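An overview of the molecular structure
This is what each chain is made of:
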Amino acid sequence: EGYDGEMKKGVAPSPIPHTGLNGKQSFTKLPEGEADIEVPRELTLEEIEAIPAEYKNCAERAHAAGFDGVEIHSSNGFLLDTFLQSSTNHRKDEYGGSPENRFRLVGKVLEAVCEVFPSHRAERM
């Protein structure tokens with residue numbers, strides 16, 4: 001049925017506004033004009049802890065469909081990348097702060113996916 005209100009917003013480790021190189025609020029162009037890019041909603045701990053299982057579920061579906069493996073994309077501003085970057089992750093819990101804490105979610109995702117596609121099969125990029 002979908003989400004309403006705050007649950008419909010984009011999510012991130014921290015609710016940081018997107019600004020351009022000039023330091024001003026970024027916007028996107030729509031047919032009816034420009035619109036500010038919304039500030040993402042901060043993920044709750046419960047939501048963060050559910051993410052590895054979601055990746056594992058996707059890996060299981062890929063495996064069942066006959067895929068040899070999957071790629072875990074964690075760069076270019078996608079969700080896992082935003083946890084890794086100190087500029088987008090201002091959390092004060094076990095998923096923020098030190099590099100080890102910021103890597104924690106990515107590590108859990110890797111472990112979950114490797115239960116389906118073992119790491120000995122991984123190709124280095």
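Whatever comes next refers back to the structure up there.
Now for a look at the structure at hand. It should be emphasised that the depicted structure is a prediction, and the values quoted were computed from it without experimental measurement.

1. Some remarks on the overall build of the chain
Helices and strands together make up the secondary structure of the chain, namely three helices and four strands. Starting at the N terminus and walking to the C terminus, you meet the elements of the chain as β-β-β-β-α-α-α. The buried share among the 125 residues of the chain stands at 25%. By element, 53% of the accessible surface of the chain is carried by carbon and sulfur atoms, the whole surface being about 8900 Å².

2. Some remarks on the side chain of Asn89
Relative to the elements of secondary structure, Asn89 occurs in the loop between helix 2 (79-84) and helix 3 (99-114). Engagement of the side chain of Asn89 in a polar contact is seen with the backbone nitrogen of Arg91, the distance being 3.0 Å. Discounting residues that sit within four places of it in the chain, Asn89 has contacts with Pro13, Ser14, Ile16, Thr82, Phe83, Tyr95, Gly96 and Arg102.

3. What about the pattern of salt bridges?
Pairing between side chains of opposite charge can happen when their charged atoms approach one another. Enumeration according to the criterion identifies three salt bridges in this entry. Residue Arg41 pairs with Glu47 through a salt bridge whose shortest N-O separation is 3.0 Å. Two residues, Asp93 and Arg91, come together in a salt bridge whose shortest N-O distance is 2.7 Å. Residue classification places Asp93 among the partly exposed residues on the basis of a relative accessible area of 22%. Given the relative accessible area of 7%, Arg91 is considered buried.

4. Looking at the pairing of strand 3 (residues 33-36)
Pairing analysis gives four bridges linking strand 2 (residues 27-30) to strand 3, with the strands arranged antiparallel. Considered in strand 3, the bridge of Thr28 is made with Ala35. Where strand 2 folds back onto strand 3 in an antiparallel hairpin, the turn is made up of two residues.

5. Topic: the packing of helix 1 (residues 45-64) against helix 3
Where helix 1 meets helix 3, the axes come as close as 8 Å, and the angle between the chain directions of the two elements is 30°. Taken together, the axes of helix 1 and helix 3 lie roughly parallel to each other. Considering the relative orientation of helix 1 and helix 3, their crossing is right-handed. When helix 1 is examined against helix 3, the residues Ile48, Ile51, Pro52, Tyr55, Lys56 and Ala59 are found in contact with a partner set consisting of Leu105, Lys108, Val109, Ala112 and Val113. Within the contact of helix 1 with helix 3, the residues separate by chemical class into nine nonpolar, no polar and two charged.

6. A word on the side chain of Arg41
Tracing the backbone through its elements, the reader meets Arg41 in strand 4 (residues 41-42). A distance of 3.0 Å separates polar atoms of two side chains, one belonging to Arg41 and the other to Glu47.

7. Some details on the environment of Asp81
As for its position among the elements, Asp81 is in helix 2. A relative accessible area of 11% means that Asp81 is categorised as buried. Sequence separation between Asp81 and Ala12 is 69 residues; the distance between their C-alpha atoms is 9.9 Å. What Asp81 contacts, discounting residues up to four positions off in sequence, is Ser74, Ser75, Asn76 and Thr88. Side chain to side chain, Asp81 and Gln85 meet in a polar contact 2.9 Å long.

About the cut-offs
Residues numbered from 1 in each chain as written. Predicted model: local features only at pLDDT ≥ 70, side-chain atom pairs only at ≥ 80, totals over all residues. Heavy atoms only, no water. Helix = DSSP H or I, 4+ residues; strand = E, 2+ residues; numbered from the N terminus. Buried < 20%, exposed > 50% of the residue type's maximum accessible area, 1.4 Å probe, protein only. Areas by Shrake-Rupley, 256 points an atom, 1.4 Å probe, with all protein chains shown as cover. Polar contact = N/O pair within 3.5 Å; in protein donor to acceptor, adjacent residues only side chain to side chain. Contact = heavy atoms within 4.5 Å. Salt bridge = Lys/Arg side-chain N within 4 Å of Asp/Glu carboxyl O. Pairing = 2+ DSSP bridges. Axes fitted to C-alpha atoms, helices over the stretch in contact; angles between N-to-C directions. Parallel < 35°, antiparallel > 145°, perpendicular 65-115°, else oblique. Left-handed = near helix turned anticlockwise from the far one by under 90°. Nonpolar A, V, L, I, M, F, W, Y, C, P; charged D, E, K, R; others polar.

Taken by themselves, the reported measurements are silent on function.
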